[in-house]
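Architecture and fold: a report
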2 protein chains.
Amino acid sequence: MSRSRNHASPPRPPTRSAAVDASESRSARKGRTRQALLDETLALVADRSFASLSLREVAKAAGIVPTAFYRHFASMEDLGVTVVEDSMRVLRKTLREGRRDLATRNAVPTVKSSVAILVQQVRENEAQFRFLIREQHGGVSEIRRAIDTELRLFVKELAIDLSRIPELAHWGAEDLELAADLMVNVLLQAVAEMLEANRRDNGDDREVTARSERKLVMVILGMNSWRTSQQ
Amino acid sequence: MSRSRNHASPPRPPTRSAAVDASESRSARKGRTRQALLDETLALVADRSFASLSLREVAKAAGIVPTAFYRHFASMEDLGVTVVEDSMRVLRKTLREGRRDLATRNAVPTVKSSVAILVQQVRENEAQFRFLIREQHGGVSEIRRAIDTELRLFVKELAIDLSRIPELAHWGAEDLELAADLMVNVLLQAVAEMLEANRRDNGDDREVTARSERKLVMVILGMNSWRTSQQ
DNA sequence: TGTACATCAGTGAACGCGCGTTCACTGATGTAC
DNA sequence: TGTACATCAGTGAACGCGCGTTCACTGATGTAC
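Residues numbered from 1 in each chain as written. Chains lettered and ligands numbered in written order. Predicted model: local features only at pLDDT ≥ 70, side-chain atom pairs only at ≥ 80, totals over all residues. Heavy atoms only, no water.

What about the nonpolar core?
Rules: For this analysis, a nonpolar core means a set of buried residues of the types Ala, Val, Leu, Ile, Met, Phe, Trp, Tyr and Cys, connected via side-chain atoms within 4.5 Å. For every residue, the accessible area (1.4 Å probe, protein chains only) is compared with the maximum for its type, and the residue is labelled buried under 20%, exposed over 50%, or partly exposed between those bounds. Working rule for contacts: check all heavy atoms of both residues, and any pair within 4.5 Å makes them a contact.
Core analysis: the largest hydrophobic core is formed by 137 residues, its most contacted members being Phe 131, Leu 162 and Met 223 of chain A together with Phe 131, Leu 162 and Met 223 of chain B. Setting aside its immediate chain neighbours within four residues, Phe 131 of chain A contacts Leu 42, Val 45, Phe 50, Gly 80, Val 83, Val 84, Ser 87 and Ile 143 of chain A.

Observations regarding the packing of helix H6 (residues 141–163) of chain B against helix H7 (residues 173–200) of chain B
Residue and element names in this part refer to chain B. Put simply, the rule reads: Axis definition: a line fit to C-alpha positions, over the contact stretch in the case of helices; interaxial angles, taken between N-to-C directions, run 0 to 180 degrees. Only DSSP runs of H or I covering at least 4 residues are called helices, and only runs of E covering at least 2 are called strands; the numbering of each starts at the N terminus. Oblique is the label for every angle not falling under 35 degrees (roughly parallel), over 145 degrees (roughly antiparallel), or within 65 to 115 degrees (roughly perpendicular). With the far helix as reference, a near helix turned anticlockwise by less than a right angle produces a left-handed crossing, and one turned clockwise produces a right-handed crossing.
Between H6 and H7, the least distance of the axes is 8 Å, while the angle of their chain directions is 120°. Taken together, the axes of H6 and H7 are oblique relative to one another. Read as a crossing pair, H6 and H7 show a hand that is right-handed. Across from Leu 151, Phe 154, Val 155, Lys 156, Leu 158, Ala 159, Leu 162 and Ser 163 in H6, the residues of H7 making contact are Leu 176, Glu 177, Ala 179, Ala 180, Asp 181, Met 183, Val 184 and Leu 188.

What about the relation of the copies chain B and chain A?
Rules: Copies overlap after least-squares fitting; the atoms used are the C-alpha atoms of residues with pLDDT of at least 70 in both.
After a rotation of 180° and a shift along the axis of 0.0 Å, chain B superposes on chain A with an RMSD of 0.0 Å. The symmetry that links the two subunits is that of a two-fold axis. Across chain B, the smallest distance between a C-alpha and the rotation axis is recorded for Gly 222 of chain B, namely 1.7 Å. Looking at chain B, 100% of its interface residues are interface residues in chain A too, so the copies touch through the same face.

Brief notes about the interface of chain B and chain A
This is how the line gets drawn: Accessible area that two parts lose when put together, evaluated with a 1.4 Å probe and summed over both, is termed the buried area. Any Lys or Arg side-chain nitrogen located within 4 Å of an Asp or Glu carboxyl oxygen qualifies as a salt bridge. Under this definition, polar contacts are N or O atom pairs within 3.5 Å; protein pairs additionally need one hydrogen-donor-capable and one acceptor-capable atom, and for neighbouring residues in sequence, both atoms have to be side-chain atoms. Throughout this entry, Asp, Glu, Lys and Arg are counted as charged residues, while Ala, Val, Leu, Ile, Met, Phe, Trp, Tyr, Cys and Pro are counted as nonpolar. The remaining residues, Gly among them, count as polar.
Listed as interface residues are 48 residues of chain B and, on the opposing side, 48 residues of chain A. The contact between chain B and chain A buries some 4300 Å² in all, and 55% of this surface belongs to carbon and sulfur atoms. Taken together, the links from chain B to chain A amount to 10 salt bridges. Between Arg 214 of chain A and Glu 174 of chain B there is a salt bridge, with the nearest N and O atoms lying 3.5 Å from each other. On inspection of chain B and its partner chain A, the count reaches 17 residue pairs in polar contact (both at pLDDT 80 or more). Of all the elements in the fold, those that place two or more residues in the side of chain B that touches chain A are helix H3 (76–105), helix H5 (126–135), H6, H7 and helix H8 (206–229) of chain B. The dominant element in the side of chain B that touches chain A, judged by the number of residues it contributes, is H7 of chain B, at 15 residues. Class assignment of the residues belonging to the side of chain B that touches chain A gives a composition of 17 nonpolar, 12 polar and 19 charged.

The quantities given are spatial measurements derived from coordinates; they are silent on function.
Encoded structure:
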């Protein structure tokens, strides 16, 4: 860390969203610049924490002058919370995919297919997942709170899905949430391990996938016994 | 975030380790300053991420001039890795406490006592646990690597402890590690929830504690079935 | 024990730099007539 | 359809500030004799 704000990553040309394209409305162009700010933030956070990004840096990456940043966001924190919302959309999509999978099979989704869907979503939306994992316990409380809220929602949705499984039909809401919480926990750890593995070497997720599947099986076995051991 | 490097936290007087105390050897005084740098780093990271700390800020908090920082650490990164090592000592102590508890009872430790030990350790070493949770997936790769290495070690130690339980004596090393991994995961989540709860309101950990205990029970039930369902 | 010298934790001035934010501006796009 | 005016995304100069790091220094502590 010779200078704390240096970015060691390759120079990557700025998005040049500010370039005048003609034949595109002013508001459309504004939208593109806004999206560029969000995209470049995600890209920059791959290597570092959000709190260490500067406004000037993000603006430069998006191809605008620092002062133009304020046309889109009131502050870096404002930008950060928006990035959380965008990334969470991806997480919710992952859950929806799982639900769709369940519907087409018209059966309890297997552990294998659930993990496979997650792996695919992580591959397709690496930056978003990286942001969520990194900032979940990061240094900006507003962002932590936003992620926490969304994750709770996610757990609740999964609990509802679980309640539709015949074997779990008689479970109480609290127990369902507990199980859902445990499963989400296993999946989040799987995501973190995948992302760290991808960073280091070529992306061979097979070992992480296999371990996560086995952990989920262990949790499901626990759920099976739970029914009989708890009231 | 009006200025990214401002610290909003109360002013707290600097440690004044540099004060000449007489009757204390030079090396002892150096040690105290070094410890002050480590302590103040932990204190500052309670609110923000390590990557957003500046050398000048830490030096000021420790009561020395910025240039004197280099008498103790080569860089902020060097300081950060040292903080990881210190914090991990606390985590290992937690495991040792658990093991001692197991020895005095001469029995399988109950879920309740394991969680109680963790809760107590978190209360006594809040700053260290906060640092580990915050920086585990944080923006400094060297620190991530250091924490990851220590956590793997921690899982392996727990797996060895598990192998001493008669019911698990015939388990393979891989399965034991899988179970240990799952349990550590539950415990880490409990720590994160406790710390976030402590930050917001008064520290009522009872709900977090109860939920974590029930999650551990679910995992242990899964382990019981694992034996019969897998080879 | 006393003296002369070496060590070294901490000091303070100085540097060039990137930071967030202000301000007055430009000129293409959009709108009212 | 043409014209006159309003809007507003992006510009560029300027500000004061905290940053990491260099350097020569001070003076108490430690050591060799």
